[in-house]
Amino acid sequence: MKALIVGCGRVGSALAKRLHGAGWEVVAVDETEDALERLGERWPGEFHVGHGLDTAVLEAAGIASADLVIVATDGDNTNLVVAQVAKLRYEVPRVAVRVQDPARAAFYSDRGFDVVSPTTSAIEALAALALDGSEP
Amino acid sequence: MSFVIVVGGGQVGSSVTRKLLELGHEVVIVEQRRDRYLTLDEEFGHRAQAGDGTELSVLENAGIKRPADIVVAVTGDDEDNLIICQLARELYGVAKVVARVNDPRNQAHFDLLGIAPTVSATKMVMALVQHEMPEHELVQLVQLRRENLEIVEVEVGDSAAAAGKRVEQLRLPETSRLISVMRDGKAEIAVGSTELRAGDQVLAILQPGGEEELRTLLVGEKKKT
């Protein structure tokens, strides 16, 4: 199975390594060459430098044959556009996208791809801790 | 009078706002960058609002829920313009959106997501440049995305099948019509009896895809290079 990771920061690079460890063929894309360092010294997968909105880059990275695309650049709007392009234009079976803003994450939650909002997750986790058994 | 929200307060956004206000429309302009916002605030006062126009709360403060009649997304980032238009239309029911495309390579994304009409300075400059070039090619003047039609200009070539024929004698592609014929600086509406001559400037309306057939008929075979 082939996974394409668009945005190779802390989240993207960790995911790339983990999926590779689990036996996936992983291709990573990031705007800067520096991102390659986060993948570790002997990254065995492909790595492409380019912007996630650039279809030439996505196609060179093999989006058309990807089973899974994970979009995790630092821009919510870039992520939302790339996710929709992956789903609608390239018909990637499974697309997951990180969206920091909970409001936009909620609005785009029902469009055939998975939306993960770290902000919402953090709020939920911290609220659960605060409210768990402690009195106000 | 319409209520318009302009997102993006650079050169384009502020000029559009100024013009719309002159025409008597109600306008709110949203700008994220502090320095730009302060300049806008000096000129437009309470009509200028600070904030990221892709945030729902910012759009709502600008009055998008009334709803706005038109949202104009003219920031320097295509992904932002796309999301602004999607939110405006799909979340807030704004009937009309206008989006700026900064990098023409992103046009396909706007088309894919049904965001139209779009405006691209690069594309307009290219159309004008082509217009000035003595190449015998179709020049796209207007693209009507919603209608899936385009208006093109073409010069009738010396060896074209159409030269010397009347419009009614032409075997035009099914998906096209001639609009007008200009000769010696005078334009006429093209009717069945209008005769075409080499050198005439013809305007045509057609569905995208029919360009090559129309070009061959009006211009002639492609020059060998």
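Description of the structure in this document. (Residues numbered from 1 in each chain as written. Chains lettered and ligands numbered in written order. Predicted model: local features only at pLDDT ≥ 70, side-chain atom pairs only at ≥ 80, totals over all residues.)

### Structural notes on the overall build of chain A
Argument step 1. When helices and strands are tallied, chain A shows six helices and six strands.
Argument step 2. In chain A, the order of α-helices and β-strands from amino to carboxyl end is β-α-β-α-β-α-β-α-β-α-β-α.
Argument step 3. A buried classification covers 39% of the 136 residues belonging to chain A. (Helix = DSSP H or I, 4+ residues; strand = E, 2+ residues; numbered from the N terminus. Buried ≥ 20, exposed ≤ 12 C-beta atoms within 10 Å, placed from the backbone.)

### A short note on the overall build of chain B
Argument step 1. Along its length, chain B carries seven helices and eleven strands.
Argument step 2. A compact globule built from 225 residues would reach a C-alpha radius of gyration of about 17 Å, whereas chain B, at 22 Å, exceeds it by more than 25%.
Argument step 3. Taken along its principal axes, the extent of the C-alpha atoms in chain B is 60 × 35 × 30 Å.
Argument step 4. When contacts within chain B are restricted to residue pairs at least 6 apart in sequence, those whose partners lie at least 24 apart make up 55%. (Rg over C-alpha atoms; globule rule 2.2 N^0.38 Å. Contact = placed C-beta atoms within 7 Å.)

### Section: the sheet that holds strand β5 (residues 96-100) of chain B
All names here are of chain B.
Argument step 1. Spatially, six strands are ordered β3-β2-β1-β4-β5-β6 in an open sheet, and the strand pairing comes out parallel. Strands with a single pairing partner mark the edges of an open sheet, and in this sheet they are β3 (48-50) and β6 (118-119).
Argument step 2. Bridging between strand β4 (residues 70-73) and β5 involves four bridges; their strand directions are parallel. Looking across to β5, one finds that I70 is bridged to K96.
Argument step 3. Strands in contact with helix α1 (residues 11-22) are β1 (3-7), β2 (26-31), β4 and β5; relative to β2, the strand with the most contacts, it is inclined by about 165°.
Argument step 4. Of the strands in this sheet, β2 and β3 are in contact with helix α2 (residues 34-44), which crosses β3 at around 155°. (Pairing = 2+ DSSP bridges. Axes fitted to C-alpha atoms, helices over the stretch in contact; angles between N-to-C directions.)

### Topic: the interface of chain B and chain A
Argument step 1. Contact residues are listed per partner, giving 16 residues for chain B and 15 residues for chain A.
Argument step 2. Of all elements in the fold, only α4 (78-91) and α5 (107-112) of chain B reach the threshold of two or more residues within the side of chain B that touches chain A.
Argument step 3. Per element, the largest residue contribution to the side of chain B that touches chain A is seven residues, and it comes from α4 of chain B.
Argument step 4. Residues belonging to the side of chain B that touches chain A are distributed by class as follows: eight nonpolar, three polar and five charged. (Nonpolar A, V, L, I, M, F, W, Y, C, P; charged D, E, K, R; others polar.)

### A look at the sheet that holds strand β2 (residues 25-30) of chain A
All names here are of chain A.
Argument step 1. An order of β3-β2-β1-β4-β5-β6 is seen for the six strands of this open sheet, with the pairing classed as parallel. Of all strands in the sheet, those with a lone pairing partner are β3 (46-49) and β6 (114-116), marking the two edges. Each adjacent strand pair in this sheet contributes to an overall mean axis angle of 15°, direction not counted.
Argument step 2. Pairing of strand β1 (residues 2-6) with β2, which is carried by five bridges, proceeds in the parallel orientation. If you follow I5 over to β2, its bridge partner there is A28.
Argument step 3. Docked against the sheet, helix α1 (residues 10-21) engages β1, β2, β4 (68-71) and β5 (94-98), running at close to 165° with respect to β2.
Argument step 4. Helix α4 (residues 76-89) rests against β1, β4 and β5 of the sheet, and its axis sits at about 175° to β5.

Limitation: the analysis is restricted to geometry and does not speak to function.
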